[in-house]
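Coordinate inspection notes
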Amino acid sequence: MLKEFLVMALAAFCLSEAYTPSPLRTADMDYLQKQTKIYDLFRYINQEMPKDQDGYELGSTYEFSSYYDYYTNKAAIDYYLQKYKYNRLNQDAIFSIFYPEHRDEVKALFKVFYYAKDFQTFYKTACWARMNTNSGVFLYAFSAAVSYRPDTKYIRLPTPYEVFPSYFFEAPVIQQAQYIKMARGYSKASTGVDNYVIYANYTDNYQRQQYENEYQLDYFIEDIGLNAYYYYCRTLLPYWLTSKDYGIPKDIRGDLYYYIHKQLLSRYYLERLSNDLGEIEDFDWNKPFIPGFYSNLQYPNGVFFPQREVYSQVPEYKYKYLKYIQAYESRILAAVDSGYAIDKEGRQYNIYSSEGINILGNMIEGNYDSYNYYYYGSVDYYSRQILGFNWECYNPDKCTPSALQQYSTSMRDPAFYKLYKRIMYLFFRYKERLPSYTYDELVYPELKIESVTVDKLTTYFDYYDAWINNAVGVENMKDGQSFNIKARQYRLNYKPYTYQIQVNSQKSTKAVIRIFLGPYYDYIQDDAYYFQKYYMNFYELDQFVVNLSPGANNILRRSTESVFTIPEDSTEDSFYRKMKKATEGSEPFTYSEKLYGFPQRLLLPKGKRAGMYYKLFFYVSPLDDYKSYNYDFPLYGKINYDSKPLGYPLDRPMYTYNYTMPNAYFKDVQIYHNYEGEYSS
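Reference entry: report on the structure contained in this document. (Residues numbered from 1 in each chain as written. Predicted model: local features only at pLDDT ≥ 70, side-chain atom pairs only at ≥ 80, totals over all residues. Heavy atoms only, no water.)

1. Quick notes on the sheet that holds strand S9 (residues 498-505)
Taken together, the three strands give an open sheet; going across it, the order is S6-S9-S12, and neighbouring strands pair in antiparallel fashion. The strands lining the two open edges of the sheet, one partner per strand, are strand S6 (447-454) and strand S12 (551-558). When strand polarity is set aside, the average angle formed by the axes of neighbouring strands in this sheet is 20°. (Pairing = 2+ DSSP bridges. Helix = DSSP H or I, 4+ residues; strand = E, 2+ residues; numbered from the N terminus. Axes fitted to C-alpha atoms, helices over the stretch in contact; angles between N-to-C directions.)

Quick look at the structure:
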């Protein structure tokens, strides 16, 4: 299943796939019961399981010895039970997948979940683990298992900012929620539920005195939807799983790692331009690091996230990691420049081949498919160890992970973007040494984009309410269901628009249209090296398949149809009510096969009030060499995967002679930002 899961992720994530929108399904009772049971286990995760919560009785009476034969891998059960008995994480410890002891426990528990023979055994095991293991270990292992098991297909996980709000909303919001819970009266609304709203600010509201220009982007880097998206990306594709044991397709794993981060970095760069911040600066490991990291985030146990002062030198206790990272970067650069990677046995592999980008990606991430982990290490892992500036962890129960050591908070730290610019340099150095596409490889004379019309592009801010009941403690489930506390926050959004693309085709054919958004530099519009210099800054907005007839074709495509995005999730309380009504038979419950994706709201950068120029790039190519791979993965639904490289044709520098292709089209557009009250629908 994982093989299908990953190639799908690649297909959707990575722009090299053709896509058909996922249809809505009507849930049957089996689905509803599973969805409800799994959803319940995420409630009030930071406290002991309430005694009236579904699953409490199962969890408190479950004995592994009685169900030993209900697991397909008994060695995995024995190993976990030994770890649980002698070397488990305390239930109140702060968890991070970036600590080896924490990771080993997650991996062991995941295997117990994964090898349960049926859903009932899986659920009983989950109830037991919910009551007896560290909440972070449970959440990570359980979330991954739900995504990997065939009997939980299309089961949606609660949004992480509603499961553990303290990782997404700063301490003043969490403190106010706790105060409301303690001080609220006994009077009930007509619905029997008390509702409270807390207004949530961003870091810049508190840290303006630090004169940190990076925090002009706090509305973007701290966006709860964006951070939830990254959490899903990394949690659903764990670096600690092997392709051999779990069916992860080896040929795309490293490629996917590259493309996820390249897309995010390009999108961030376009947002920087809207705020006049310009290029992402490079950094030197041996010089003071800019910028700082200032946050009011607080772990559930009361410990604040580590901070980093501006112009900070790497502390001495991080020097051992500096030695590692400098050695690993040097070895990877040597592989890129020489063209060969070395495996554990000393054999050389040519990386300038069809699988080269995948080999390189595995090496940089340091996942379990790396050709030689002990030689190439993990640039990703060790960079986070350094830049978080947290104290060393000598006791697994007393760790204080930095924001970079939590997938749900990584993107809040401006260091994240500097780090991944450095990592992308390794990939771009490789890409720029690949043979460039020739004109004949990219041009399709039988296809011509005659014109493109795009509606006015407008962005604005509006409010969103997130359910944060999990930030407080409750006496029982009845108590927890008697109130709703929501955090209200201003978030970037855009007015949906339509592309109208006129394509002339010489014959009937299937074709794929790719749409990119990139920077506009008015002083180089006649520069023949434009795409050669800035190809890496283009962000892919959409990719879709069309059926073309001979002659003129008028293609309409709505921005909300993008293969990469999903609309806003309904809040937990709303989602739960719908499930309950469906279970009672009062109304049907529908769900999509596409469960997660990039926030639709953030498709466009903010732009400016007077308008800001960006450049759209359209490219159409036939699907004559179309490979009919049909995959079905929760991240993007059902996908047909074609053979083009990720980001094609902007996956490597494009040269002057390619600008005149009839099947390519450039369009200058402006993005206008409206202020509060100017656009609200």
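2. Digging into the pairing of strand S7 (residues 457-467)
Across three bridges, the pairing between S7 and strand S19 (residues 664-673) is parallel. Bridge pairing in S19 links threonine 459 to histidine 673.

3. Regarding the environment of tyrosine 68
Inspection of the secondary structure assignment puts tyrosine 68 in the loop between helix H3 (56-61) and helix H4 (74-86). Take tyrosine 68: its relative accessible area is 25%, and that puts it in the partly exposed class. Separated by ten residues in the primary sequence, tyrosine 68 and aspartate 78 have C-alpha atoms spaced 9.6 Å apart. Apart from the residues within four sequence positions on either side, tyrosine 68 is in contact with Lys74, Ile77 and Asp78. (Buried < 20%, exposed > 50% of the residue type's maximum accessible area, 1.4 Å probe, protein only. Contact = heavy atoms within 4.5 Å.)

4. Looking at the sheet that holds strand S10 (residues 509-519)
Overall, mixed pairing links the seven strands, which are arranged S3-S8-S7-S19-S16-S10-S11 in an open sheet. Unpaired on one side and paired on the other, strand S3 (194-199) and strand S11 (539-548) mark the two borders of the sheet. Put simply, the sheet's adjacent strands are angled 30° from each other on average, direction ignored. Strands S3 and strand S8 (483-494) of the sheet are contacted by helix H9 (residues 171-183), whose axis makes an angle of about 155° with S3.

5. A short note on the layout of surface pockets
In this structure, the largest pocket spans a volume of roughly 950 Å³. In this structure, the largest pocket is lined by 44 residues; those nearest its centre are Ile45, Asn46, Gln91, Ser135 and Pro300. Put simply, the parts of the chain that give the lining of the largest pocket at least two residues each are helix H6 (119-132), helix H7 (135-148) and H9. Here the residues of the lining of the largest pocket sort into 22 nonpolar, 18 polar and four charged. (1 Å grid on protein atoms, 1.4 Å probe; cavity = no way out; pocket = protein on both sides within 12 Å on 5 of 7 lines; lining within 4 Å. Points joined across faces, edges and corners; volume = space filled by probe spheres on them. Nonpolar A, V, L, I, M, F, W, Y, C, P; charged D, E, K, R; others polar.)

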